[in-house]
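What the coordinates show
Each chain is listed here by its residues.
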Amino acid sequence: MDKTLNAPIINESFSRSEQALDRIARQLPHMPRQEIILTRLYYHVLGYLSDYFNAELKQHGLNETIWMALMVLYTRDNETIFPSDLSEALSFSRTNATRVVDDLVEQGWVERIPCPVDRRKTRLALTEAGREFINGILPERHRQLRTLWDEFSTDEKDSMEHLLRKLLARLGG
């Protein structure tokens, strides 16, 4: 096993939270300290991860939510999807999905296509402008991902993936 996994890493941004938990642990010695630390660290990292990706996307007038919606469309057969399926794929409420779709349509990256069989249904389709936009940003996104993970070994990334999948399964996902 990699010795660096056992070396303590001090994170300035998390140290106050950890100190607070240590104070509580002295008062409540039976509390599940490590489990609380793991949970709080996950939320803390998630905020930083979101900021990391949104900072680059902001240059293009995007955020991670809009980008993920574009990517869902980009990866679908015929680059089309029903709004309800987009909502489900991204774990959005239907209201939030409608806002995202409105934004995508306003930008000209997606169009709504009425269903010929059922007038109540609408299909979303990626436009040529949307495809060109995605293709223009993908190299930058790939570089950003590689930069984020370049200090992690393949074994570390494999372990992290395994552990996150295990946690997701434990949560019913």
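Nothing here was measured: the structure is a model prediction, and the numbers come from that model. Note on numbering: residues in each chain are counted from 1, in written sequence order. For a predicted model such as this one, the threshold for reporting local features is a pLDDT of at least 70, and the threshold for listing and counting side-chain atom pairs is 80 or more; totals across whole chains, interfaces and linings nevertheless cover every residue. Neither water nor hydrogens contribute to the side-chain values; these are computed over all heavy atoms in the structure.

Section: a nonpolar patch on the surface
For patch building, the residue pool is restricted to those with more than 30% relative accessible area and no salt bridge; the joining distance is 9 Å between like charges and 5 Å between nonpolar side chains (Val, Leu, Ile, Met, Phe, Trp, Tyr). Computed with a 1.4 Å probe, the accessible areas rest on the Shrake-Rupley method; for each residue, only the protein chains presented here act as cover. Salt bridge, as used here, is a side-chain nitrogen of Lys or Arg placed within 4 Å of a carboxyl oxygen of Asp or Glu. A surface patch of nonpolar side chains, amounting to about 910 Å² of accessible area, comprises Y42, Y43, V45, L46, L49, F152, M160, L164, L167 and L171. Those elements that provide at least two residues to the nonpolar patch are helix 2 (33–58) and helix 7 (154–170). In DSSP terms, a helix is any run of H or I states spanning at least four residues, a strand is any run of E spanning at least two, and both are numbered starting from the N terminus. With 5 residues, the single largest contributor to the nonpolar patch is helix 2. Accessible area is worked out with a 1.4 Å probe on protein chains only. A residue is then buried under 20% of its type maximum, exposed over 50%, and partly exposed in between. Of the residues examined, F152 reaches a relative accessible area of 34% and is grouped as partly exposed.

As for the nonpolar core
By nonpolar core we mean a set of buried residues, namely Ala, Val, Leu, Ile, Met, Phe, Trp, Tyr and Cys, connected to one another through side-chain atoms within 4.5 Å. With 25 residues, the main nonpolar core has L62, W67, L70, L86, L104, W109 and V110 as its most contacted residues. Every element with two or more residues in this core is listed here: helix 3 (64–75), helix 5 (94–107), strand 3 (122–126) and helix 6 (128–149). For L104, the residues in contact, after removing those within four places along its chain, are I66, A69, L70, W109 and V110. By size, the runner-up hydrophobic cluster in this structure holds 5 residues, among which are L21, A25, M31 and I37. Residue contacts follow a heavy-atom distance rule, with two residues in contact if any of their heavy atoms lie within 4.5 Å.

Details of the packing of helix 2 against helix 6
The axes of two packed helices give the description: the angle between them and the distance between them. It is the contact of helix 2 with helix 6, at a shortest axis distance of 11 Å, that shows an interaxial angle of 150°. Compared by their axis directions, helix 2 and helix 6 come out roughly antiparallel. For the element pair helix 2 and helix 6, the recorded crossing hand is right-handed. Contacts between helix 2 and helix 6 involve L49, Y52, F53, E56 and L57 on the former and, on the latter, E140, R141, R143, Q144, L145, T147 and L148. Residue composition of the contact of helix 2 with helix 6, by class: 6 nonpolar, 2 polar and 4 charged. Axes here refer to lines fitted to C-alpha atoms; in helices the fit is confined to the stretch in contact. Angles between the N-to-C directions go from 0 to 180 degrees. Any angle between 65 and 115 degrees counts as roughly perpendicular, while under 35 counts as roughly parallel, over 145 as roughly antiparallel, and the rest as oblique. For a crossing to be left-handed, the near helix must be turned anticlockwise from the far one by less than a right angle; the clockwise case is right-handed. Any residue that is not Ala, Val, Leu, Ile, Met, Phe, Trp, Tyr, Cys, Pro, Asp, Glu, Lys or Arg is counted as polar, Gly included; the first ten are nonpolar and the last four charged.

Looking at unusual backbone geometry
The residue N78 is not glycine, and still its phi comes out positive at about 60°. Tracing the backbone through its elements, the reader meets N78 in the loop between helix 3 and strand 1 (80–81). Take N78: its relative accessible area is 71%, and that puts it in the exposed class. In the Ramachandran plot, S91 falls in the positive-phi region, its phi being about 55° despite a non-glycine side chain. Within the element layout of this structure, S91 appears in the loop between helix 4 (83–89) and helix 5.

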